[in-house]
Structures are given as structure tokens and as C-alpha cells.
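# Analysis of the macromolecular model
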Amino acid sequence: MNERPDGVRNREIRQQPDSVCTRNARSKNKQEACIHNGYPAILRAAVSLGFALSVAVVSIFFSSTASAQKFRPDDPIWKDEDTLNIPEPKPGTVADYYDFLENTFFGPGDERRVRALNINTVGEVPASSWFTNRHGRTPMTVDELVRGPDRGGPSREKRWQVIRNKLGGITPGFRVVDATGTTYQLKFDPLSNPEMATSAEVICTKFFYAIGYFVAEDYLVSFSSDDIELSPKAQFVDLTGKRRPMTVKDIDEILLRAYRGADGRYRAIASKFIEGSPLGGYRYYGTRPDDPNDIVPHEHRRELRGLRVFSAWLNHDDSRSVNTFDTLVKGNGSQFIRHYLFDFGSTLGSASVFAQKPRAGNEYLWEPGPTFKSIFSLGLWVRPWIRVDYPNYPSLGNFEADFFQPEKWKPEYPNPAFDNMTDEDAFWAAKIVMCFSDDQLRAIVKTGQLSDARAEAYLTETIIKRRDKVGRYWLNQVNPLDEFRVEGSTLAFDNAAVRLLKGVAAADSYLVQWHRFDNHKQTQEPTGSKITSKEPRLDIPSAAFEGSSDGVGHYALLEITTQSRHYPSWARPLRVYLRKNNTGVAVVGIERD
Amino acid sequence: MKTLLRVDWIGVALQASIAIVVLLASAILPAFALAQDAPLTRQEELRQQREAKSRSVKPYKPGSLEGGALYVQKERLLERFAEGWKGFHPVLGGMSTGSGFAGGVRYEKGFADGALSFKTSGAISTRVYQLYDLSFGAPKLLGGKLSLDFYSRYRSFPQEDFFGLGPDSRKQDRTNFAQEDSLFDFTLGWNWTRWLTTGARVGYLQTNIGRGTDKRFPSTEDLFSPADFPELIQQPNYYHADAFFRIDYRDEPRNTHSGGFFELTYKYYDDRKLNLYSFRRFDADLQQFFPFLKKKRVIAFRAHTALSDTSSGQSMPFFMMPADSGAIALRGYREFRFRDRNFIVMNLEYRWEAFSGLDMAIFGDAGKVASRRRDVNLKDLESDVGFGFRFNTIKSVFLRIDVGFSHEGTRVFFKFEPAF
């Protein structure tokens, strides 16, 4: 992980030292006032010694911090141990309307476009309670992709017991308990769009799981009225929060709003309750003040910034705090918080209870620029997305790829982590997106069990097209070299854009400068002059490791720009750090500008 | 000066020497420490940061604005507001145009699984307009085909405007009168299809007229002679019978972007009290909405005409005559600016979406009143233009602000309902 750059705002972390300092300053003045009011000289000397020693300790701390190594012995780390035992946190709620107002009008979080703070030294996201790079790091099989987070599904041994109506969200539904005592939330399709919300939910659950997020287990189920029964203890909670015993009529009324197939069966998503104690959603900025493991401001987490790319791909316009979920996971005598994404009903062409609005993904709910342009032009200025035509597939809603521009895609309202996304974050995410092959996408789309084969084919084709657009744009905004590896005395590398995109010509050449790198001082000194190579393979000059050792090894730095007639952004510098010690030479750092 | 006199020079020297030693040590120690200690691992560094944070964990405390929003959400205040309290709901607006801001309470209750409904409400405005009503109905009999409804209403509108009759009435002849009536209606409707309804209504209407309470203008009887308007002295009570035919295929009746609404109504008012004011009236209300650009733009057109006639020896009281100006007719004129036995009015609006919660509109209105049916034509129309803001949800316009301009001035209307 990178160190936190000085001055990066983290509300919770920042406020703490300020208040402590203020208190200390006040008490110090009081002490000095006391000292000058008649204590013996020896006592004054002792107090002075104590104070001076404190100053010395702080000086040592800061001087050692200032000279901290860029690379630590265990870099790059691949697991962030953020599951340390924590005290009992308090459950909370993200206020839905406030979240909209705050993010739309106040722009919370640290808005400086600094490099993501939770990445390792080679620019990857270590596994954590937030994210585990699954398909992007170790390709999953089709079976694994299709299974996603699912581990069984509701038991059919007995009738499902309906225990409560669904609270929150806009889709109709209720909670059931199966024969094993496991609780599921059943959610249905709107009458106007059979199969739409349920297929979107199950498909995108698989995608976001494969990408690396923690998601709920979602099962596509079909049942008839005979498969459910009212639990004697079932409760109905109305809109105002009042509880009363649930009745069969309540179930009937909920089912009246659900699409029922020609076979008389209802199609639903059975969403398994997430393991652990619910703590409410997380915000896309700051940290949880009650979670010691949560030390990186969320707006600077790579996987939350990169979520913008994944959300754009799959049109997850509802990617906001309300659709996140923290749970307290307990086990082996300890407890920690795990962070989930959930509710993918408003993805692809679905807006859960109706087809997605054309605005979704193209404009925030409130955006002053287009609004005033529209008002003052008397509507003569037409938002470009209004002219987009969607094919008529009720089971898909409104989803398309031709107008889609990944860099311009927007969620329902601003998201601080999305706003902080850098080209490097997007490159990281786009590489994961491009890991999904056509066949794998096809297999995942099939899990949506769309009865219209043409709709299924269109959906697959659209996801593929959007995937390619995501890759074509974001992989070409930075120097796309990757897969750096030491092979004997050479450094070999690859070009992600050429490897993952069709029809992208290889680079013309590479402009290379080697440096000795002092890990303590974080200084570099060129060795030799710049060279041009036409091959993705460079001899590592031994002189590059002639700098001083940090006790772990000697370091070399390679600065490389990629020359291409077609992609000027490839010329953006990329730095690769190598460490040499008695175990050999290894890549320990990668930084993209 | 006192402080200087108390300086302990020995203590100062001692402190200074200790400080020098310690500062020297602080300059040397870091290098010493770095040379001696093994480098900190990344994992250890992170662990230390987490340990440091664990010493100061605290629950999240929302700010006042967020706390308020959370309270509203947790207590479900918006839902409770919408749901009402034990069947009681707040009422905003809904009174006659020009009545000022109106508010009140509505009580609503369903019986027999929604087969029967009961509603009653009371509202009062800043200009002391009052309206109380009560209805009891069976809206979905015979599988939704048949609806029955009983409706009764008492209203007291103390300063309704009257400018005289006809298209040539003068703006400066503005007067006001108090209107009070009680209505008892029974309606039967038959829904042939989802969009076609026919029905009939019978009822009893008791009317009363008094002095207007708006002191800025004369009361009607002070300017207009009871000889010309005998209904100022004596008011009729009516039995009435209506028949209506309605086609309604609008996409959302309270926030329409496409479809149409066509209603024809024939009414007969029989003055059983004085046998002087019986009349017949035919209304045609035609609305059509032409959407384009995915319903983000709409051309909305409305034509509304009312034609009245009386048998010989009968006349129509002015307060029962239709008026063609106001919030949904000629919006550049004062409400009830033109009255007569017949009228025609046309509204054309171009509406466009500013953002998902606001539609804008520019509009033009034209219309006229006439005492004779044959004068109801498109000649010599009064007209106006204007613009409007329509704050909306998907299903309804909840606030409409229209600004109309005519040769008689500028009018601004705030309404809690759509234009049409």
C-alpha cells in the first residue's frame, strides 16, 4: 500500500489530532502558568526535561517518517489484513434523501485527484474485507462464473414460510424461511416487464462477484401459491412502520403486483440474507470512525473508484450508498466488518419497477448545465441521449451500446469515489472488464433465464459491445504496458491494450531510461542515456543496481514511454521498480502517470 | 515588569542546557535508530495505523442536517404524511382561483376491502374561502364496470369577481360578491372499457349570493343594478340532471405526456324555487397531447366550449355562467374576467423537460364569451401568452406556476395541480 500523501483529507482522522493538539496546547499553557507560580527549580527542571524529551520523541518519529523507505521488505503485499478484531460497532443508516442532497450539492470527501491509497506497490488492490480480485487475477472457469456467490439456494423440502413483507426498496416482495431455517427475500418483476428486474439482478450479481466485490447470494426461483404458506408469526409492516400480523390477503396483494407466468408460477429473486450482523450502508467518502480496520478514505479506495467503470459497463446507475451494506462478521473469537454491494435490480436495462429511463447513465438526476441549457433554449437544445432508440424487449428494458460512452457514463447522482477516479484506476478496472471473454459473458447472461432467445442474444451482444468500448477507451488513456516480469537478465512486458483489444496495433517503439534508485532517500540517478527499443523486452543493466542497499536489496528504476502513431496517451510515463537481492531480481513497483 | 522581577535565572539556565542536550540527541537518534532497527514491513505499518485508530474509535455522529434527514427517514415522516394519520390527510389548494392559499384536512376510509369508500374534507383559505364536502361511493362494482357515488358539498366563497357580462365587459368594473351553495349529487358511471365511461348524475343545488368581502372593490350590487341582475336579490335552488360521455386515454392523468381526454356533458338545471332560472348547458372538453422526443417534449392542446340556453321566460343567473379566464383558461386575465352564457377557449402549450423534476411550458390562450350561441366562433378572440413551471413526479404535477401576459397586464398563478 502507498503511504498516505501529506494533507490528504480524511475527516475523521484529521479532526482527531487537531482536537488533541488543541487540548494539549491548552493544558501546556496551564502547566507553564503553574510552573511560574512558585514550584521549586528542580521540579521545573524535571518538567522541562519531560517536555523536551517529548519533543525529541516527536522529532525522531517525524524524521524517521520523512526518511521512510518507498518499498518495504514485504512489498508488494497481496492481502490487506483488515480483518483485525474490532470493538462492537453501532449499526447505522445512510439517509437516502440526505445522501442525494449531500452528494449532489455539497461534494463530500477529499476531492484531490491523488493516487488510490489502498493499492499495493505494483498498482493492484490487495484482497481485503472490501474486495478480492477474483476473475481479474486468477481466471475463473465458466462454472465458477455461473455459480458466482451462490452456494445452494433455498430448500424445497417444505413450503416456504412467509414471515414478513419486504421493507425498503421499491420492488414488491416478502421474506421467507426455508426448511433449513435460512431467510431469503423474494423480489419480483414488474407487471410491465416480465423477467427484467430478476434477470438483471441475477446476472449482475454474478458479474460483480466475479469482479471481486462481496455480494449477496441471489437465486432465480419459480414458485406457485402452493409453495408458500403464512407463518403464524408473520408480521406485516406498513409504510409508516406500524406492525400487525400478516394475512394471506397481504401476500395476495403483493403477488398481484408481481408478474405471473402463463404456467401460473411466479418468478422471483430469492436473495439470501447476508452473513453477520447488519450495520447499514457505507459512504463513498471518509472512513467509519468506529472501525479501526477502516483507515483508507473510501473516496481513495481503488475498488470503489474503479466501480465507476464496472457500473458504466453494466449500467449500475443505482451505485450509491443506499445499495451498500456493512456486516459484522464474527468467528474464532474475533469480529470485523465486511463491506457488500447489493441490490442489482437497477442494472442493465432495468430500473427495478419499470424499464430504465434513458436519462439513467447519461445524466445525474439534477445537473445544472443541461437543465439551464434546456430552460433557456426553450427546449430547442435537445439532450443527445433523448434521441437514442432502444429495441422493444420488455424483458430487458432500455439497454444499448451504440450511444454508450464509458467515460461519460454517470450514476443517479455524484459519487465521491467515482469523481476521484484517475486514468490509472480506470485502467485497472478496464483490464478486469476485458478479462470476461465472449463465451463467459454468454454463460453469465444465460443465468438470467430469459425466455426470449432474441432478447438474450441482444443482451449478450450489448454487454460485449459495452465491454469493448470500456476497454478501448480506458486501456488507451495511459501507458498500457503491463505484465512486467524478470526473465533471466531481461525485463519482459506486455501491452494490455494490444493483448485485450481487437485490432490494436503494437507499439512502434519504447523510450527507456534506467536509474539507480535509493529506497531510503527515494532519489534516483540515471545510469546511461535514454535508449529506444522496438521489442517488449529490455536488458537490465547491472549498473542500475549499484545504488546503496536498504538492507533488503538494491533497487533499479525504469522509466518507459511507449511510442505509437495511433495512441498518443501511450507516451505517458510509466515507472517500474526492481529489487535485487540474493533471491534474484523482482518487480516491486509500478506507477503510471 | 512584575514577571521580569520574578525570573529564576538558575532555572532558566538549567532548562536551556537540558533542551540543548535533548535537541542534539534528537538530531542523532533517528539515524541511529534507522541503522539499528529492521525495516518496518508494510503489513506492520498498516497494523500500527489500525492500532492507533483503535485507540480513538467512536460511533459515527451525523451532522444536524443529516441527523434531521435520518430522523425523517427512521420515523417515516414522509410516508406518514402521505399515508395520513388514522385516515386524516392534509389538503393543499383545490379552492377557487383567487381564493388565496388554501389548506385543510381530508378524512378517508375504505370499507369492505375497498369496495366502499368514504371521504370528507374541510378547507379554508387565506381569504376565508371555505369548502366542506363529503362523499360515499362504491367505485368498483361489478368487477370495476359500475361505479356509484354520492357527493355533497357546502362552499362559501366570499369575494368572487364579477366584471359584468359579455366580451366587452370592462376591467375597471371589477366587483365582488359572496357566493354560497350546497350541493347534493348522486352519480352512476359505467366503464365500458378502461378508457370509455358514460354516466349520469342527478342532484340538488341550493344557491345564495351576498355582499362581497373584498373592500378594495365595490360589491357587485353596488355597481350592477338588481334590475339587470335580479338574481342578486333572489337566488334559485335547482334540481339538476346530467349525462356525460368520456374518453380518457391519457398516460398519466395528473402529469400527461401523451394521449387524449374528451368529455361531453349535457346538464339540465331546473329552478324549482322561483321558476325563473332554469337552463340547459352543454360542455365539450377536448384535450390532446402530442409527444415527441421520447415524451420529453409535448404539444398540449385543449379546446373547451360551453353552450347554454334557456326556455322562454327563464334566464341564467350570472353566477352560474361559465367564465373563460383564470388559472386554466385565459391566463393573462384575472380569474372570471369574462362571463356569459356561452364561451369557447383554446389553450396551446409547448412543454419541455428541464430536468426530471421540472417541466417548462410556453403557452398561448385564446377565447371569448358570447351571449348567443351563434357568436361562439373564432372571431374577435381575447388572447394571451405566457410561460410556466411544472414541478412534478412521474405521476403528478404537484406545483404549477404560470405567468400569463395580456393587454390587461401580467398574471401569476400558483396551483397545486396540472394545467390540463
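Being a predicted model, the structure only gives us computed values, none of them experimental.

## Overview of the overall build of chain B
- Within chain B, the secondary structure is distributed over 6 helices and 16 strands.
- The C-alpha radius of gyration computed for chain B amounts to 35 Å, which surpasses the reference 22 Å derived for 420 residues by more than 25%, pointing to a less compact arrangement than a globule.
- Taking the principal axes of its C-alpha atoms as reference, chain B extends roughly 120 × 65 × 45 Å.
- Excluding contacts between residues fewer than 6 apart, the proportion of contacts in chain B whose partners are at least 24 apart in sequence is 56%.
- Carbon together with sulfur atoms contributes 62% to the accessible area of chain B, which is approximately 21500 Å² in total.
- Put simply, chain B has 58 plus and 49 minus side-chain charges, and the middle of one group is 4 Å from the middle of the other.

## Some remarks on the overall build of chain A
- Helices and strands together make up the secondary structure of chain A, namely 14 helices and 18 strands.
- Burial status across chain A gives 56% buried among its 593 residues.
- Here the contacts in chain A between residues at least 6 apart in sequence split such that 73% fall between residues at least 24 apart.
- For chain A, the exposed area adds up to about 25100 Å²; of that, 54% sits on carbon and sulfur atoms.

## Some remarks on the sheet that holds strand β6 (residues 243-245) of chain A
All names here are of chain A.
- The 7 strands lie next to each other as β4-β7-β3-β2-β1-β5-β6, forming an open sheet whose pairing is mixed. Pairing within the sheet leaves two strands with one partner each, and these edge strands are β4 (218-223) and β6. When strand polarity is set aside, the average angle formed by the axes of neighbouring strands in this sheet is 30°.
- Summarising the sheet, strand β1 (residues 160-165) and strand β2 (residues 173-177) pair through 4 bridges and their orientation is antiparallel.

## What about the pairing of strand β5 (residues 228-237) of chain A?
All names here are of chain A.
- Bridge count between β1 and β5: 4 bridges; the pairing is parallel. In the sheet register, Gln161 faces β5, and the bridge partner there is Glu229.
- The hairpin formed by β5 and β6 contains 5 residues between the paired strands, and Gly241 there has a positive phi angle of roughly 95°.

## Brief notes about unusual backbone geometry
- Note the cis peptide between Asp75(A) and Pro76(A), where omega equals -5°.
- Residue placement: Pro76(A) occurs in the loop between α2 (41-66) and α3 (96-106).
- Phi is positive for Ser352(A), which is not a glycine, with a value near 70°.
- Mapped onto the secondary structure, Ser352(A) falls in the loop between β10 (334-341) and α9 (368-376).
- Look at Ser352(A) and you get buried, because its relative accessible area is 8%.
- If you check the backbone angles, Lys86(B) has positive phi at about 50° while not being a glycine.
- For Lys86(B), the location among the structural elements is in the loop between α5 (77-83) and β1 (88-92).

## A look at the nonpolar core
Residues and elements named next belong to chain A.
- Core analysis: the biggest nonpolar cluster contains 90 residues, and Phe208, Trp313, Ile463 and Trp514 have the highest contact counts within it.
- A total of 9 residues in this core trace back to one element, the largest contributor, which is helix α5 (residues 196-211).
- When residues no more than four places from it in sequence are discounted, the contact partners of Ile463 are Phe207, Trp313, Leu314, Leu348, Phe399, Leu441 and Val445.

## A closer look at the packing of α5(A) against helix α12 (residues 438-446) of chain A
All names here are of chain A.
- At a closest axis distance of 8 Å, the pairing of α5 and α12 adopts a crossing angle of 135°. By the angle between their directions, the pair α5 and α12 is classed as oblique. On the side of α5, the interface is formed by Ile203, Lys206 and Phe207, while α12 contributes Leu441, Ile444 and Val445.
- Of the residues contributing to the contact of α5 with α12, the split by class is 5 nonpolar, no polar and 1 charged.

## A look at the pattern of salt bridges
- Throughout the structure, instances matching the rule amount to 84 salt bridges over all chains.
- Arg72(A) is the partner of Glu45(B) in a salt bridge, and the nearest nitrogen-oxygen pair spans 3.3 Å. With Glu45(B) in helix α3 (residues 42-54) and Arg72(A) in the loop between α2 and α3, the pair connects residues from two separate chains.
- With relative accessibility at 12%, the residue Glu45(B) sits in the buried group.

## Side note on the pairing of strand β18 (residues 584-592) of chain A
Residue and element names in this part refer to chain A.
- Sheet topology places strand β17 (residues 574-581) next to β18; 8 bridges connect them, and they run antiparallel. Pairing of Arg579 across the sheet is with Ala586, part of β18.
- Where β17 hands over to β18, the hairpin turn is made up of 2 residues, counted between the paired strands.

## Quick look at the confidence of the model for chain B
All names here are of chain B.
- Confidence in the prediction for chain B averages 89 pLDDT; 90% of positions are at 70 or higher.
- A low-confidence stretch, residues 1-7 stays under pLDDT 50, and its non-local contacts, those more than four residues away or across chains, total 4 contacts.
- For residues 22-36, every residue scores under 50 in pLDDT, and the model assigns this stretch 13 contacts once sequence neighbours within four places are set aside.
- Scoring the predicted complex yields pTM 0.85 and, for the interface, ipTM 0.85.

What counts, and where the lines are drawn
- Per chain, the residues get numbers from 1 upward, laid out in the order the sequence is written.
- Chains and ligands are labelled by the order in which they are written, letters from A for the one and numbers from 1 for the other.
- Reporting in this predicted model follows two pLDDT cut-offs: at least 70 for local features of residues, and 80 or more for side-chain atom pairs to be given and counted; totals over whole chains, interfaces and linings ignore these cut-offs and use all residues.
- Side-chain measures here rest on the full set of heavy atoms in the structure, leaving out hydrogens and waters.
- Secondary structure is summarised from DSSP: a helix means a run of H or I of at least four residues, a strand means a run of E of at least two, and numbering begins at the N terminus for each.
- Here the globule rule is a power law, 2.2 Å times the number of residues to the power 0.38, and the radius of gyration is based on C-alpha atoms.
- Contact between two residues is taken to exist if any of their heavy atoms lie within 4.5 Å; hydrogens are not considered.
- Only the protein chains shown count as cover for residues, and all accessible areas are computed by the Shrake-Rupley method using a 1.4 Å probe.
- By the counting rule applied here, Lys and Arg register as positive and Asp and Glu as negative, while His and the ends of each chain are not counted.
- Working definition for charges: the position is that of NZ of Lys, CZ of Arg, CG of Asp or CD of Glu.
- Per-residue accessibility, obtained with a 1.4 Å probe over protein chains only, is compared with the maximum for each type, and a residue is labelled buried under 20%, exposed over 50%, and partly exposed between these values.
- Two strands qualify as a pair provided that DSSP identifies no fewer than 2 bridges between them.
- To obtain each axis, a line is fitted to C-alpha atoms, and for helices this fit is confined to the stretch in contact; angles are then taken between N-to-C directions over 0 to 180 degrees.
- What we call a nonpolar core is a set of buried Ala, Val, Leu, Ile, Met, Phe, Trp, Tyr and Cys residues that are connected through their side-chain atoms within 4.5 Å.
- Roughly parallel refers to an angle under 35 degrees, roughly antiparallel to one over 145, roughly perpendicular to one between 65 and 115, and oblique to any angle outside these ranges.
- We call Asp, Glu, Lys and Arg charged. Ala, Val, Leu, Ile, Met, Phe, Trp, Tyr, Cys and Pro are nonpolar, and the rest, Gly among them, are polar.
- Salt bridges are counted wherever a side-chain nitrogen of Lys or Arg sits within 4 Å of a carboxyl oxygen of Asp or Glu.
- The pLDDT score gives, residue by residue, the confidence of the prediction method on a 0 to 100 scale.

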